[in-house]
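Topology and contacts: notes
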Amino acid sequence: MIKIKNILAQETYDIRLSVLRNNIDLPYKFEGDEEGSTFHLGAFYEKKLVGIATFMKSNLEAFDVEQYQLRGMATLPEVRGMGAGKKLINKAIEILEERRITVLWCNARKEAVGFYENLGFKITGEEFEVPKVGAHFKMYYLVN
Ligand SMILES: CC(C)(COP(=O)(O)OP(=O)(O)OC[C@H]1O[C@@H](n2cnc3c(N)ncnc32)[C@H](O)[C@@H]1OP(=O)(O)O)[C@@H](O)C(=O)NCCC(=O)NCCS
């Protein structure tokens, strides 16, 4: 059974490094990680941290409403398909509803678009390239 808990920024670093920065020379610490409005969620399976996601306030002009950005979304390969990713996002949506946030958005890797669509996210705009990482789409979820 997978449980979701709040975690600290530093607890996300190992999975960020192994899953999201494997052979990719980009920072694994994000500006805003330590902001008071930022929160980090961890998915635990048999007491082990197996999934992470970070949610930070953002001011992207495309969304002229109260908004948060999802960053650093990753689960360990051995738990994929077990619902950890979905539980992380659903817990965040609950928290964002309480905070009266309107939009949750992310820069989704092309391979992960189906995961976000499954959760109700929609694509906006055209495909774009993130140097060193690859093709992405901007995706958003209407929280409130
Ligand atoms: C994308 C990722 C976070 C999904 O995590 P996960 O723990 O496997 O997701 P879940 O088990 O909660 O899957 C939820 C649902 O989405 C589906 N799904 C998961 N990954 C998918 C994908 N890449 N494409 C399409 N559907 C996907 C699952 O089959 C499941 O469907 P169901 O509800 O009908 O059973 C994980 O594969 C990952 O860490 N990938 C590498 C890093 C990455 O790409 N992160 C996202 C960066 S934007």
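Let me begin by describing the structure that accompanies this report. (Residues numbered from 1 in each chain as written. Predicted model: local features only at pLDDT ≥ 70, side-chain atom pairs only at ≥ 80, totals over all residues. Heavy atoms only, no water.)

1. Overview of the overall build of the chain
- Helix and strand counts for the chain stand at three helices and seven strands.
- When its helices and strands are written in sequence order, the chain yields β-α-β-β-β-α-β-α-β-β.
- The C-alpha atoms of the chain give 14 Å as radius of gyration, which agrees with the globular expectation for 144 residues (15 Å, within 12%).
- In terms of principal-axis extent, the alpha carbons of the chain reach across some 40 × 35 × 30 Å.
- Considering only intrachain contacts with a sequence separation of at least 6, the fraction spanning at least 24 residues in the chain is 63%.
- Surface accessibility of the chain: about 8300 Å² in total, with carbon and sulfur atoms responsible for 47%. (Helix = DSSP H or I, 4+ residues; strand = E, 2+ residues; numbered from the N terminus. Rg over C-alpha atoms; globule rule 2.2 N^0.38 Å. Contact = heavy atoms within 4.5 Å. Areas by Shrake-Rupley, 256 points an atom, 1.4 Å probe, with all protein chains shown as cover.)

2. Some remarks on the side chain of Thr 54
- As for its position among the elements, Thr 54 is in strand 3 (residues 48-58).
- Take Thr 54: its relative accessible area is 0%, and that puts it in the buried class.
- For Thr 54, the side chain forms a polar contact with the side chain of Arg 16, separated by 2.9 Å.
- Those residues in contact with Thr 54 that lie beyond four places of it in its chain are Thr 12, Arg 16, Asp 33, Thr 38, Phe 39, His 40, Gln 69, Leu 70, Arg 71 and Gly 72. (Buried < 20%, exposed > 50% of the residue type's maximum accessible area, 1.4 Å probe, protein only. Polar contact = N/O pair within 3.5 Å; in protein donor to acceptor, adjacent residues only side chain to side chain.)

3. A short note on the nonpolar core
- Residues Phe 39, Phe 55, Leu 70, Leu 104, Tyr 116, Phe 121 and Met 139 are the most contacted members of the largest nonpolar core, which totals 38 residues.
- The dominant element in this core, judged by the number of residues it contributes, is helix 2 (residues 84-98), at seven residues.
- Here Phe 39 is in contact with Asn 6, Ala 53, Thr 54, Phe 55, Tyr 68, Ala 92, Ile 95, Leu 96 and Arg 99, once residues within four sequence places are set aside. (Core = buried A, V, L, I, M, F, W, Y, C linked by side-chain atoms within 4.5 Å.)

4. Topic: the site of the ligand
- The local shell around the ligand holds 21 residues, among which Met 73, Thr 75, Gly 83, Lys 86 and Glu 111 are the closest.
- In the environment of the ligand, an oxygen atom lies 3.3 Å from a nitrogen or oxygen atom belonging to the side chain of Arg 80.
- For the ligand, an oxygen atom lies 3.2 Å from a polar atom in the backbone of Met 82.
- For the ligand, whose accessible area on its own is 910 Å², the fraction buried by protein is 71%.
- Spatially, the ligand is embedded in the largest pocket.
- Examining the composition of the shell around the ligand, we find that four residues originate from one element, helix 3 (residues 113-118), more than from any other.
- A per-class count over the shell around the ligand returns ten nonpolar, seven polar and four charged. (Near = heavy atom within 4 Å. 1 Å grid on protein atoms, 1.4 Å probe; cavity = no way out; pocket = protein on both sides within 12 Å on 5 of 7 lines; lining within 4 Å. Sits in = over half its atoms within 2 Å of the grid points. Nonpolar A, V, L, I, M, F, W, Y, C, P; charged D, E, K, R; others polar.)

5. Let's talk about the layout of surface pockets
- Estimates place the volume of the largest pocket at around 920 Å³.
- Leu 20, Met 73, Arg 109, Ala 112 and Tyr 116 are the residues nearest the centre of the largest pocket, which is lined by 34 residues in total.
- Sorting the residues of the lining of the largest pocket by element identifies helix 1 (9-20), strand 4 (67-75), helix 2, strand 5 (103-109) and helix 3 as the ones contributing at least two each.
- Sorting elements by how many residues they give to the lining of the largest pocket places strand 4 first, with seven residues. (Points joined across faces, edges and corners; volume = space filled by probe spheres on them.)

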